Amino acid sequence: GSVSEIHLKHLLALNLRKLQGAEHAFTPRSYILLPGDFEEEFQNFVLDFKTSQALAVVKHVATPTPMCQDDREAGSSWRPEGLWGRELPEIRWEPGPVAQNPLSKETVEVALLIVESLLEGIERTISEAEWLQLRTFDVRSSVKPPEVFTAGQLERCQRAASLMKKLPLQTSLLYRNFWALKPSCGQFGRGILLIDRLPEDPKELLQWAAAVGRGGLKGGNDVKEGCILQKLVEEPHLLDKQLLEKHISSGSAEGKFKYNLRMIVLATLRSPCRIWLYNEGFVSLALCPFTSQLDPLSHITNLRQGAGYENQRRWPIRDLDAYLQATHHISFDEKLRPQVKGIISSLFYALSLHPTSLLPLDSDQTDQTLGRSAAGKKLRRFGFDFLIDKMENGFTVWLLEVNFLKNGYAIGHAQSGPAGDAKRDFVQDFMAEETLLRTAVAESAGTAELPTAFEELQPKLCHPPGEGS
């Protein structure tokens, strides 16, 4: 019955694992790093990372991935919030991918052997010699057959790529094998580290999380709660300046931007739980145009500092819906909302599975755990953050994280001036509707008429479009 069960990222990941792989259809796979005995979990991540590199090579040979047109060199000054001015630990990295390195027949052959074994269901390790072949090739390099590899290898890569979707490795997310390290209790992008290579020692990742945590250099909470390594959605759907030009006339609107979708949920954390989805929501754009470089200002959508923070970055769902209808001839309600609802229902279903993360319905827990005694005050407020995959992947919705929203939600976090008007308007409307819902739930054991701004969902396992087992 604790909000920590989904607010803390490592507990969210553990709860989703109760779905035994079904969660791969709607949330990027994650690995948990906690102080102490985490060696096995990290080794599972290492195997996944190396396997993903082989998959990326085969996928790239089968269908060469063009360089992003708006790529720019990321300077050493790019840091997410929480890192600026901090003394950071040095991480000893393995040599990473080099975009100038040519692709060799030997590299393609190693990647094929690994992927073909996977497709045949054969468990195998990846030797150090094989990894040395794979790790330095960056799939942003150009590929020009047949000079680089043989016709037979090309045919095998195309055949393997067509079968990859059967693997529980979310290959639709995989282009350049990018991952994100996130402190389990992080927020506003604090402490996120974008990764395209492996560290020599996993403990250095925990040291990083501790150094950038909310406890500063001491990082007590981050050391205790650890971090997760989560697969990055590498080719998300982007919003271009057509949406921004409605609000901004400056040159800052140039380029296409990554964004996340925020939806608000009220729920009881008792078994059986009750769930209400607020019908409205908003999108938050990254600070800088999207690039395939590991630039946090381009990839992390909830940063609150840096160049561009003074500009409008949030728009209501109705603007997103108008944009989707104008550019892709789809509507939010028809294409995206059903996926959002299915993910929320599936998560609360996971919470109910053994070992349950919900309180018994007849629990006599005091207000120390539930907050208030009145039924309407026992509702917990959560912000669900989603990312939308690109059109070619069917606009699949991915759950990134869930944030517990305290009283006075987000009014103080809106930008000052006109740039924050959209969020302030959204929050004020939501708080008014939330009061009506809480009153209705508290009256007559919830039999009163509920406000139409909310839709009640049922905890059940749903299967939104996407990969997964």
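Going by the structure above, here's the rest.
Residues numbered from 1 in each chain as written. Predicted model: local features only at pLDDT ≥ 70, side-chain atom pairs only at ≥ 80, totals over all residues. Heavy atoms only, no water.

**Comments concerning the overall build of the protein chain**
Secondary structure summary: the protein chain contains 14 helices and 13 strands in total. Here the protein chain holds 469 residues, and 57% of them are scored as buried. Relative to all contacts within the protein chain whose residues are 6 or more apart in sequence, the contacts with residues 24 or more apart total 74%. For the protein chain, the accessible surface area stands at approximately 20200 Å², while carbon and sulfur atoms represent 51% of it. (Helix = DSSP H or I, 4+ residues; strand = E, 2+ residues; numbered from the N terminus. Buried < 20%, exposed > 50% of the residue type's maximum accessible area, 1.4 Å probe, protein only. Contact = heavy atoms within 4.5 Å. Areas by Shrake-Rupley, 256 points an atom, 1.4 Å probe, with all protein chains shown as cover.)

**A look at the pattern of salt bridges**
Taken as a whole and assessed by the stated rule, the structure comprises 18 salt bridges. A salt bridge links Arg 92 to Glu 204, with the shortest nitrogen-to-oxygen separation between them at 2.6 Å. In this pair, Arg 92 sits in the loop between helix H3 (39-62) and helix H4 (105-119) while Glu 204 sits in helix H7 (residues 203-211), placing the two residues 112 residues apart along the sequence. The class of Arg 92 is partly exposed, set by a relative accessible area of 45%. For Glu 204, a relative accessible area of 6% puts it in the buried group. A single network of salt bridges, built from pairs that share partners, joins Glu 109, Glu 116 and Arg 156. (Salt bridge = Lys/Arg side-chain N within 4 Å of Asp/Glu carboxyl O.)

**Digging into H4**
The end-to-end C-alpha separation of H4 is 21 Å, in line with the 21 Å expected for 15 residues at 1.5 Å each. Among the residues of H4, Thr 107, Val 108, Val 110, Ala 111, Leu 112, Ile 114, Val 115, Glu 116 and Ser 117 are the ones counted as buried. If you follow the buried residues of H4, they end up packed against H3, helix H5 (128-135) and helix H6 (151-163). The first or second residue beyond H4 is Gly 121, which carries a positive phi of 75 degrees. (Expected span 1.5 Å × (residues − 1).)

**Comments concerning unusual backbone geometry**
Looking along the chain, the bond that leaves Ser 271 and enters Pro 272 is cis, with omega of -5 degrees. Looking at where Pro 272 falls in the secondary structure, it is placed in the loop between strand E7 (270-271) and strand E8 (275-285). That bond from His 354 to Pro 355 is cis: its omega, -5 degrees, falls within 30 degrees of zero. Notably, His 329 is not glycine yet its phi reads approximately 60 degrees, a positive angle. Position of His 329 among the secondary structure elements: in the loop between helix H11 (317-328) and helix H12 (332-352). Take His 329: its relative accessible area is 70%, and that puts it in the exposed class. Phi angles above zero are rare outside glycine, and Phe 395 is one such case at about 55 degrees. Tracing the sequence through the fold places Phe 395 in the loop between strand E11 (380-388) and strand E12 (397-404). Accessibility expressed as a relative area gives 4% for Phe 395, which makes it buried.

**Some thoughts on the packing of H4 against H5**
As a packed pair, H4 and H5 sit with axes 9 Å apart at the nearest point and diverge in direction by 120 degrees. With respect to each other, H4 and H5 are oriented oblique. The handedness of the crossing between H4 and H5 is left-handed. Here H4 contributes Glu 106, Thr 107, Val 110, Ala 111 and Ile 114 to the contact with H5, which in turn contributes Glu 130, Gln 133 and Leu 134. Across the contact of H4 with H5, the residue classes tally to four nonpolar, two polar and two charged. (Axes fitted to C-alpha atoms, helices over the stretch in contact; angles between N-to-C directions. Parallel < 35°, antiparallel > 145°, perpendicular 65-115°, else oblique. Left-handed = near helix turned anticlockwise from the far one by under 90°. Nonpolar A, V, L, I, M, F, W, Y, C, P; charged D, E, K, R; others polar.)

**Concerning the sheet that holds strand E3 (residues 193-195)**
Pairing in this open sheet of four strands is antiparallel, and the strands run E1-E4-E2-E3 from one edge to the other. Every interior strand has two partners, whereas the edge strands, strand E1 (30-33) and E3, have only one. Recorded for the sheet is a direction-independent mean angle of 25 degrees between the axes of neighbouring strands. The strands that H7 touches are E1, strand E2 (179-183), E3 and strand E4 (227-231); relative to E4, the one it contacts most, it runs at about 110 degrees. (Pairing = 2+ DSSP bridges.)

**Observations concerning the environment of Glu 392**
Among the secondary structure elements, Glu 392 is positioned in the loop between E11 and E12. On the basis of relative accessible area, Glu 392 is assigned to the exposed category, the value being 59%. Along the primary structure Glu 392 and Pro 236 are separated by 156 residues, whereas in three dimensions their C-alpha atoms are 10.0 Å apart.

**Notes on the nonpolar core**
Residues Phe 45, Leu 205 and Leu 229 are the most contacted members of the largest nonpolar core, which totals 46 residues. With eleven residues, H3 is the largest single contributor of residues to this core. Leave out the neighbours within four places in its chain, and Leu 205 touches Leu 33, Phe 42, Ile 91, Trp 93, Leu 181, Leu 193, Ile 195, Pro 199, Cys 227 and Leu 229. Phe 26, Tyr 323, Phe 395 and Val 402 belong to the second-largest nonpolar core, a separate cluster that totals 45 residues. (Core = buried A, V, L, I, M, F, W, Y, C linked by side-chain atoms within 4.5 Å.)

**Here's the deal with the packing of aromatic side chains**
A full pass over the atoms with the stated rule returns 14 aromatic pairs. A centroid spacing of 5.1 Å and a plane angle of 85 degrees characterise the contact between Phe 45 and Trp 179, whose relative ring orientation is edge-to-face. Linking Phe 45 in helix H3 with Trp 179 in strand E2, this pair joins segments that are 134 residues apart in sequence. Neither residue differs from the other here; Phe 45 and Trp 179 are each classed as buried. Positioned over the ring face of Tyr 175 is Lys 59, at 4.2 Å from the centre of the ring. A cation sits over an aromatic face here: Lys 231 above Trp 179, 5.8 Å from the ring centre. (Phe/Tyr/Trp six-rings, centres within 6.5 Å; stacked < 30°, edge-to-face > 60°. Lys NZ or Arg CZ within 6 Å of the ring centre and 35° of its normal.)

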